[in-house]
Amino acid sequence: MFYLLNFKKNNMNMKIFLTRSYILFLIIFSLVSSPQLIHGQKIEQKVIKGILYSDKTPVEIIISDGKISEIVRLEKENKTPEIYLAPGLIDLQINGYMGVNFGNPDLNINDLRKAVKSLWKEGVTTFLPTLTSADHEKLIKCFAVLSQVFDDPEISPSIPGFHLEGPYISPVKGFRGAHLEKYIRPPDWEEFLQYQKASRNKIILVTVAPEIDGAIPFIRKCTERGLVVSLGHHNGTAEIIRQAADAGARMSTHLGNGCANMINRHLNPLWPQLADSRLTPTLIVDGYHLTPEEVQVFFQVKGPDNTILVSDAVDLAGLEPGEYIKDGRKVVLTPNVVRFPAENVLAGAALPISVCVGNIMRFTQCNLGQAIDMASANPARMFNLNLGEISTGKRADLILFTIEEGKLIIQQTIVAGKVVYSRN
Ligand SMILES: [Zn+2]
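Since we're looking at a predicted model, the values are computed, not measured.

**Looking at the nonpolar core**
Next, step 1: Counting 111 residues, the largest nonpolar core has V208, L309 and A350 as the members making the most contacts within it.
Next, step 2: A per-element tally of this core places helix α9 (residues 353–364) first, with six residues.
Next, step 3: Viewed by domain, this core spans two of them, domain 1 (2–86 + 390–422) and domain 2 (89–382), each represented by three or more residues.

**Some points on the sheet that holds strand β11 (residues 203–208)**
Next, step 1: Overall, parallel pairing links the eight strands, which are arranged β6-β9-β10-β11-β12-β13-β14-β15 in an open sheet. For this open sheet the edge positions go to β6 (89–94) and β15 (308–309), each flanked by a neighbour on one side alone.
Next, step 2: The sheet contact formed by strand β13 (residues 251–252) and strand β14 (residues 280–283) spans two bridges and is parallel. In the strand pairing of β14, M251 is matched with T280.

**Examining the pairing of strand β22 (residues 418–422)**
Next, step 1: The sheet contact formed by strand β21 (residues 407–415) and β22 spans four bridges and is antiparallel. Note that in β22 the partner of Q412 across the bridge is S422.
Next, step 2: Taking the residues that link successive antiparallel strands as the turn, the β21-β22 hairpin has two residues, and the phi of A416 there is positive, at about 50°.

**Quick word on α9**
Next, step 1: An ideal rise of 1.5 Å per residue puts 16 Å on 12 residues; α9 measures up with 16 Å between its terminal C-alpha atoms.
Next, step 2: Burial analysis of α9 places 10 of its 12 residues in the buried class, the great majority of the element.
Next, step 3: Considered for burial, the residues of α9 that qualify are I353, S354, V355, C356, V357, G358, N359, I360, F363 and T364.
Next, step 4: Where α9 is buried, its residues touch β6, β9 (124–132), α8 (292–302), β15, α10 (368–373) and β21.
Next, step 5: The positive-phi residue at the C-terminal boundary of α9 is Q365, with phi of around 65°.

**Side note on the sheet that holds strand β18 (residues 337–340)**
Next, step 1: Ordered in space as β16-β17-β18-β19, the four strands form an open sheet in which the pairing is antiparallel. In the strand order of this sheet, the two ends are held by β16 (322–326) and β19 (345–349), each with one partner. On average, adjacent strands in this sheet sit at an angle of 35° to one another, irrespective of strand direction.

**Details of unusual backbone geometry**
Next, step 1: Here the bond from G166 into P167 is cis, since omega is -5°, no more than 30 degrees from zero.
Next, step 2: Assignment of secondary structure puts P167 in the loop between β10 (162–165) and α4 (189–198).
Next, step 3: Here D65, not a glycine, exhibits a phi torsion of approximately 55°, which is positive.
Next, step 4: Locating D65 in the fold gives a position in the loop between β3 (58–64) and β4 (67–73).

Each value, and the rule that gives it
- Residues numbered from 1 in each chain as written.
- Predicted model: local features only at pLDDT ≥ 70, side-chain atom pairs only at ≥ 80, totals over all residues.
- Core = buried A, V, L, I, M, F, W, Y, C linked by C-beta atoms within 7 Å.
- Buried ≥ 20, exposed ≤ 12 C-beta atoms within 10 Å, placed from the backbone.
- Helix = DSSP H or I, 4+ residues; strand = E, 2+ residues; numbered from the N terminus.
- Domains from an automatic or database assignment.
- Pairing = 2+ DSSP bridges.
- Expected span 1.5 Å × (residues − 1).
- Contact = placed C-beta atoms within 7 Å.
- Axes fitted to C-alpha atoms, helices over the stretch in contact; angles between N-to-C directions.

What follows is the structure in structure tokens.
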């Protein structure tokens, strides 16, 4: 019996080894670099082959000077490699990763480098480090440290800006979620400008509750300055939500979360946000924060072009499962989510956005192209980033991946034409 089990295991290991060697072989032959003389200048060119994620046809992509310069359709071969090629993933809401907490005032640039490089392994080529409600000094300090990223040429291409979620949200239990009540306050434009200054004007997304004092003029001012405002952790009425969208709000932060467990079936903040097509929701499709049915309904109402996936991952994401002390509380990291056993509630998301891409295909039956676009093209469009699409002129942020049992397995990640991660 033992022998048989071991034999099966060895057999399985050999199968995995052969599959990985085959994938490595394909990647080596799908990525060719050569310097070309263009207008007398030596420009590094790379050629990448794979199956285009959007229509599942084989293509060859030529990258010059960090950008996509040509897309060549290839003949279908009998033995087409099952390696997909897609734009790199973009995560608009992530609080930390691999033990690095972006909201830790003792954070340093090396911590941030570690988080960026760990996220490259998950196919995330761009993300907005997200800070939640905290006291004034802490927010100033964290933004000052985070903004040092712009002096680091290696990782700065992956961080176009920051997301400030709070402190201008609902103080009401349930709606405030895990944000601590003592840090929640009404919007203060002068105070916000101090955060903006500390971040080197790189706060590009702000999550606000529209019903609190001064929120509507605050939304208008942010919009006039070109920031994107998202409604979140709120209990806004239909009228207030309409006013917020009129003032320029364009998104709903993790729709279905940051909401009390018990709400009125008619009068609650979900229906008006679903009804207003000006609001693009972000969804945490980790399989724990929303039920598959909620994801199906939100997706059917908003459609694949008007839905964005986020991880909302916390610092423990990526670490070994087990018990941890977080903010002085004992929490448990399962392989999929962070739980707070003392109150039997979720304490944070722990899965990278690549998992959410696989989940939404399973929950909604949407296709691979739509699922990837919800984590690349759609967020890129919201922030006018020259990313998120495989078309000429776009920055060459790409992922090569296989799909195993409905999950994306990232084989290679490319940022601005440079290979930053290879699985083998
Ligand atoms: Zn939140």
